[in-house]
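Descriptive structure summary
So you can see what is in the structure, the chains are spelled out below.
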Amino acid sequence: MKHIILYIVFVIFSFAGFSQEAKDDSSVDHDFELELETEYRYFYKDALFAEQKDHFPAFAIRPKYTLDWNKGYESINFEGFFRFDVDDERTHWDIRELYYQKAKSNWELSVGLKKIYWGVTESNHLVDIINQTDAVESFDGEQKLGQPMVQYSLSTNFGTFDLFYLPYHRKRTFAGSKGRLRFPTIIDKDDVAYESGAEEWRQDFAFRYSHSFDIVDLGVSHFYGNGREPLFVFDQFGNINSFYPVINQTGLDLQITHNAFLWKLESIYRSSDAQDVFAFTGGFEFTISNIKNSGIDVGLIGEYLYDDRDELALNALQNDVFFGSRIAFNDIQDTSILIGGISDLESSSNIFSIEASRRIGNSWKAELEARVFSNISDREFILSNFKNDSFLRFTIIKFF
């Protein structure tokens, strides 16, 4: 309930600031959008653990509202989310974003809940540390929870400097007893402890410098605070004990654009009393444009993933290669397909995936996702629990 109280504080703060400005400026613009989503996930292999289901129909709603004034230099931005699902833990709501933003000629200030994305690689986003992963919403970690923050950005001729004050830590939610992609033991997020005595109210900080040098895009970041990944420790009785350590994480993201090639690198060094971690992901994307004057672009992607935690890496990507292809049809329906596979170089484990989407008319969109776990080794601490959890996901979205 503490994070709900925090939401309310941010709402009051933001709207109080707006109401004062609105008295002096009658030029206020509003924009409201709404997405309604129906989803069906089907796990076609027998469940590995008791109580797990095979069929997961679900419904989601995503309202978005933007209000700006002062010639667009000040705004309030809101993005909500609610999911109803067969798995009780996947039935959840979140305020993805609710923040006040003020912009000047070369700086911006944001206060509230916000989503921040860092990174350049396709298969693993190592440097993306600000927001907690919404682990019940997506397997690949792309979906994030809103993070309370104060962000100050300063743009100069020699780069952009971002400072973050993060007053509250949000816990990761794990699948419930009915859900797939879970451990044998149900992990209640409220039972996950903290190394810090201040627990989720520990005051965290982050910094990022980014700049573009001709064909090079560079980002250097540092985070100090409660880690976003919990650590799992097994006791002598086989129980899982988990906690969030206090970490220092320094990150580097680099992208070089050379003709049709994008060369990409993400690397982190994370230190804590519990463990030190070095990891990197590097590779390329080569795009073949307008094949035979059809308008179709095909991107070929190859990346190598390393994590020195080996099989104990929470993302299970410790010594793997990723190969994939991104196909953009560039048609009116915005049809796109991403096909890929991750192969472990030390075992037989493979993960294959396909993501496809296409607009239908002016206000509908269809999506298809498939994840296939193949020959998963029992040595894989994480993936061995998911070896029967290959699934298909069909989604229809209505835009208003």
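A short tour of the structure in this document, coming up.

**Comments concerning unusual backbone geometry**
Backbone geometry places glutamate 199, a non-glycine residue, at a positive phi of 55 degrees. Residue glutamate 199 is classed as partly exposed on the basis of its relative accessible area of 39%. Despite not being glycine, lysine 292 has its phi angle at roughly 50 degrees, a positive value. As for its placement among the helices and strands, lysine 292 is situated in the loop between β15 (277-288) and β16 (297-307). Given the relative accessible area of 82%, lysine 292 is considered exposed.

**As for the packing of aromatic side chains**
Across all of its chains, the model carries 25 aromatic pairs by this definition. Ring plane angle 40 degrees and centroid distance 4.6 Å describe the contact between phenylalanine 261 and phenylalanine 286, whose orientation is recorded as tilted. Remark: phenylalanine 286 occurs in strand β15 and phenylalanine 261 occurs in strand β14 (residues 261-271); sequence separation between them is 25 residues. In this structure phenylalanine 261 comes out as partly exposed when scored by relative accessible area, which is 28%. It is arginine 41 that lies over the ring of phenylalanine 56; its NZ or CZ is 4.9 Å from the centre. We note lysine 114 situated over the ring of tyrosine 99; from NZ or CZ to the ring centre the distance is 4.9 Å.

**Comments concerning the pattern of salt bridges**
Close approach of charged atoms lets side chains of opposite charge pair. Under the defined criterion, the tally for this structure stands at 36 salt bridges. Of the charged contacts in the structure, one is a salt bridge between lysine 144 and aspartate 128, with a shortest N-O distance of 3.9 Å. Placement of the pair is lysine 144 in the loop between β5 (107-114) and β6 (147-156) and aspartate 128 in the loop between β5 and β6, with a sequence separation of 16 residues. With relative accessibility at 13%, the residue lysine 144 sits in the buried group.

**A closer look at a negative patch on the surface**
Taken together, Asp88, Glu89, Asp188, Asp190 and Asp191 make up a surface patch of like negative charges. Residue placement: aspartate 191 occurs in the loop between β7 (159-166) and β8 (193-194).

**Some words on the nonpolar core**
Within the largest apolar cluster, 19 residues are counted, with the highest numbers of intra-cluster contacts made by Phe183, Ile187, Phe232, Phe373, Leu383 and Phe386. Within the second largest apolar cluster, 14 residues are counted, among which are Ile129, Phe164, Leu166 and Phe223.

**Structural notes on empty space enclosed by the protein**
The final tally for this structure, using the stated rule, is 1 cavity of 30 Å³ or more. Considered as a void within the structure, the largest cavity measures approximately 40 Å³ in volume. Lining of the largest cavity is provided by 10 residues; of these, Asp320, Ile342, Ser349, Ile351 and Leu383 occupy positions nearest its centre. For the lining of the largest cavity, the secondary structure elements donating two or more residues are β18 (336-344) and β19 (350-360). Of the residues contributing to the lining of the largest cavity, the split by class is 5 nonpolar, 2 polar and 3 charged.

**What to know about the environment of isoleucine 215**
Mapped onto the elements, isoleucine 215 comes out in the loop between β9 (204-213) and β10 (216-226). Residue isoleucine 215 is classed as partly exposed on the basis of its relative accessible area, which comes to 36%. C-alpha of isoleucine 215 to C-alpha of histidine 258: the two residues are 43 residues apart in sequence and 6.8 Å apart in space.

**Some points on the pairing of strand β2 (residues 55-69)**
Bridge count for strand β1 (residues 29-43) against β2 is 14 bridges, and the pairing is antiparallel. Bridging from a neighbouring strand, leucine 34 pairs with proline 63 of β2. Bridging between β2 and strand β3 (residues 74-85) involves 10 bridges; their strand directions are antiparallel. Opposite leucine 67, over in β3, you have isoleucine 76 as the bridge partner. Between the antiparallel neighbours β2 and β3 lie 4 residues, among them asparagine 70 with a positive phi of about 55 degrees.

Cut-offs applied
Residues numbered from 1 in each chain as written. Predicted model: local features only at pLDDT ≥ 70, side-chain atom pairs only at ≥ 80, totals over all residues. Heavy atoms only, no water. Buried < 20%, exposed > 50% of the residue type's maximum accessible area, 1.4 Å probe, protein only. Helix = DSSP H or I, 4+ residues; strand = E, 2+ residues; numbered from the N terminus. Phe/Tyr/Trp six-rings, centres within 6.5 Å; stacked < 30°, edge-to-face > 60°. Lys NZ or Arg CZ within 6 Å of the ring centre and 35° of its normal. Salt bridge = Lys/Arg side-chain N within 4 Å of Asp/Glu carboxyl O. Patch = residues over 30% accessible without salt bridge, like charges linked within 9 Å, V, L, I, M, F, W, Y side chains within 5 Å. Areas by Shrake-Rupley, 256 points an atom, 1.4 Å probe, with all protein chains shown as cover. Lys, Arg positive; Asp, Glu negative; His and termini not counted. Charge placed at Lys NZ, Arg CZ, Asp CG, Glu CD. Core = buried A, V, L, I, M, F, W, Y, C linked by side-chain atoms within 4.5 Å. 1 Å grid on protein atoms, 1.4 Å probe; cavity = no way out; pocket = protein on both sides within 12 Å on 5 of 7 lines; lining within 4 Å. Points joined across faces, edges and corners; volume = space filled by probe spheres on them. Nonpolar A, V, L, I, M, F, W, Y, C, P; charged D, E, K, R; others polar. Pairing = 2+ DSSP bridges.

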